[in-house]
Amino acid sequence: MTISNIISAIGNNSSVYPLIVRDCGIEVPTKIALTYNQNKKESKGIAYLAARERFLDEYATSAVWLGGIPFVGWIANKYIKARGLNPDVNLKLFKEEQGIQGIDYNIKKFKDLAPDAVKDLVKAKENKKLFEKLLAGKFIASTTIPILFMGFILPKLIFASSAKKIKNLREKEAQKIKNNGQVSFLQKDRFYKSKDVNFTGSWITKAANFSAQDKMAVTDGGYAVGRVATARNKNERYDLSFKMAGMMFLNFVAPKWIEKGLNKITGISLDPVMLADKDFMTQIKEGKIQLPKSDSAKDLLDFVDNVQNKDTYFIKYAKKFEKIKMLENGIRDPREYVDLKKLGNFRNDIELFSQKLLKSENVDSYIKKAKFAKSANILTNVALSSFLLAYVLPKAQFAFRKLVTGSDLEPGLAPAEKIVDKKA
């Protein structure tokens, strides 16, 4: 894989790659270190337990994100196919866009061009209610199961494990101060009770009532709700609410805002992979690049559906960056819904770059600068969003914790008398 491919992958804010880089490679190790340092100001024992909890929590959650969610989706797809239906049929096609796309329109248009794909459309249409139920079930399974594990079961397991650890720590502390008559703050800790580590409650009802539209937002939102609901005390609930709200914003909203801002500053929107493609750049330099006439729905789909254009760079990169889905024979997959706004913006980005390139005094120099600028944009985005997640958010959380509780210790691990509830 070339450097351009690597940068392209981590710059795709619609994929898991930026999350892998930010979460596993930068954010989690930094947060573990910051958590330990913050807690050791008052207790090295608590600091060890807090860092241990953070390690187990963060990496177990990442494992579910990267492996568990796709696995549940794969199982659901297998079940849907076993019922004779194809989960690749997009439900958006049931709403006809007159003369553009829709299940009836696509059946008619592609019946001779892609007969096998059309069979899937026909089956989905004939079994619409069942198909909708199966896809709804897939959605619920692929969000609820990870939510229950990450938001409710995992923290209970970690809390139970910490309860045993803190009991041992309390006994050691008691032994040290036994002879001088002092009372260890750990001996006074009454936080860990049996009710805090059981698995009963109304978490199933809570999970069933999540209403967000996007799967990732639902899962992450449900995960946040679960963590707050299973908090070990009121102060930990405040602490987690602050952390989770910041985490969701910095993971899913801020990187896209940063990307837009950096693209606007540099005027470069094309991916580094495209900028590094010499043949693609040569076509632009020679004025031979083939694009749809305009970004209208008709012009876009007329271009894509013209089999003579199947080998054009527009089709090639529209496929690569998932603006369209094509079958092996070069025909657009009629089961897939086309987001015409995104496809139109992609077309316009290429046209705008072409115009700027041809107006430049030195086209080769312009391409080189554009590639550097776009790569710098992506790396800056990753670095900035990682810094905000890994350093700024924890520091803000610690300041918030100090303000609310009066202590630097993790609210779920700190003994009751070390916490001052300033909201009381």
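Residues numbered from 1 in each chain as written. Predicted model: local features only at pLDDT ≥ 70, side-chain atom pairs only at ≥ 80, totals over all residues. Heavy atoms only, no water.

Attention shifts here to the overall build of the protein. Helices and strands together make up the secondary structure of the protein, namely 16 helices and 0 strands. The buried share among the 424 residues of the protein stands at 46%. If you sum the accessible surface of the protein, you get close to 22300 Å²; carbon and sulfur atoms cover 56% of it. (Helix = DSSP H or I, 4+ residues; strand = E, 2+ residues; numbered from the N terminus. Buried < 20%, exposed > 50% of the residue type's maximum accessible area, 1.4 Å probe, protein only. Areas by Shrake-Rupley, 256 points an atom, 1.4 Å probe, with all protein chains shown as cover.)

In total, this model carries 16 salt bridges according to the counting rule given. A salt bridge links R232 to E236; its shortest N-O distance comes to 2.9 Å. Taking relative accessible area as the criterion, E236 reaches 7% and is therefore assigned buried. A salt bridge links K316 to D277; the shortest N-O distance between them is 3.4 Å. Residue K316 is located in helix α14 (residues 313–320), and its partner D277 is located in the loop between α11 (272–275) and α12 (278–285); the two are separated by 39 residues in the primary sequence. With relative accessibility at 40%, the residue K316 sits in the partly exposed group. Taken together, the shared-partner salt bridges connect D120, K325, D333 and R335 into one network. (Salt bridge = Lys/Arg side-chain N within 4 Å of Asp/Glu carboxyl O.)

Of the residues making up α14, those classed as buried are Y313, F314, I315, Y317 and A318. Buried residues in α14 make contact with α11, α12, α13 (297–305) and α15 (340–359). Following α14 by one or two positions, E322 adopts a phi angle in the positive range, close to 60 degrees. (Contact = heavy atoms within 4.5 Å.)

This paragraph deals with the packing of aromatic side chains. Taken as a whole and judged by the stated rule, the model has 12 aromatic pairs. For the ring pair F71 and W74, a centre distance of 6.1 Å and an interplane angle of 25 degrees mean the geometry is stacked. Residue F71 and its partner W74 are both found in helix α3 (residues 44–82); the two are separated by 3 residues, about one turn of the helix. Since its relative accessible area comes to 47%, W74 is described here as partly exposed. (Phe/Tyr/Trp six-rings, centres within 6.5 Å; stacked < 30°, edge-to-face > 60°.)

Before going further, it helps to spend a moment on a positive patch on the surface. A cluster of basic residues, K92, K256, K260, K341 and K342, forms a positive patch on the protein surface. The set of elements that each furnish at least two residues to the positive patch consists of α10 (254–266) and α15. As for its placement among the helices and strands, K341 is situated in helix α15. (Patch = residues over 30% accessible without salt bridge, like charges linked within 9 Å, V, L, I, M, F, W, Y side chains within 5 Å. Lys, Arg positive; Asp, Glu negative; His and termini not counted. Charge placed at Lys NZ, Arg CZ, Asp CG, Glu CD.)

Here we take up a nonpolar patch on the surface. A surface patch of nonpolar side chains, about 340 Å² in accessible area, is lined by L384, F387, Y391 and V392. Within the secondary structure, Y391 sits in helix α16 (residues 363–405).

Attention shifts here to the nonpolar core. F280, F314, I324, L343, I350 and F353 are the most contacted members of the largest nonpolar core, which totals 31 residues. At the level of secondary structure, the elements contributing two or more residues to this core comprise α11, α12, α13, α14, α15 and α16. No other element matches the 6 residues that α15 contributes to this core. Setting aside its immediate chain neighbours within four residues, I324 contacts V304, I315, A318, K319, V338 and L343. Counting 17 residues, the second largest nonpolar core, distinct from the first, contains V89, F94, A114 and I331. (Core = buried A, V, L, I, M, F, W, Y, C linked by side-chain atoms within 4.5 Å.)

In this structure, D239 sits in helix α9 (residues 234–252). Separated by 2.9 Å, the side chains of D239 and Q397 make a polar contact. Not counting residues within four places of it along the chain, the set of residues in contact with D239 comprises Q397, F400, R401 and P411. (Polar contact = N/O pair within 3.5 Å; in protein donor to acceptor, adjacent residues only side chain to side chain.)

One non-glycine residue, E322, lies in positive phi territory at about 60 degrees. Positionally, E322 belongs in the loop between α14 and α15. Look at E322 and you get exposed, because its relative accessible area is 69%.

What follows concerns the environment of I26. You can see I26 is positioned in helix α2 (residues 17–40). The spatial distance from the C-alpha of I26 to the C-alpha of L389 is 9.0 Å, given a sequence separation of 363 residues.

Moving on: the confidence of the model for the protein. When pLDDT is averaged along the protein, the result is 81; 80% of the residues meet or exceed 70. Here residues 182–214 is a poorly scored stretch, pLDDT under 50, and it has 59 contacts once near neighbours within four places are set aside; other chains count. (pLDDT = per-residue confidence, 0-100.)

It is worth spelling out the environment of A231 at this point. Within the secondary structure, A231 sits in the loop between α8 (215–229) and α9. Given a relative accessible area of 9%, A231 falls into the buried group. Look past the residues within four positions of A231 in its chain and what remains in contact with it is E236, R237 and L240.

What follows is about the packing of α9 against α10. Running from N to C, α9 and α10 point in directions that differ by 35 degrees, and their axes come no closer than 3 Å. Contacts from F249, L250, N251 and F252 in α9 reach A254, P255, K256 and W257 in α10. Partitioning the contact of α9 with α10 into residue classes produces 6 nonpolar, 1 polar and 1 charged. (Axes fitted to C-alpha atoms, helices over the stretch in contact; angles between N-to-C directions. Nonpolar A, V, L, I, M, F, W, Y, C, P; charged D, E, K, R; others polar.)

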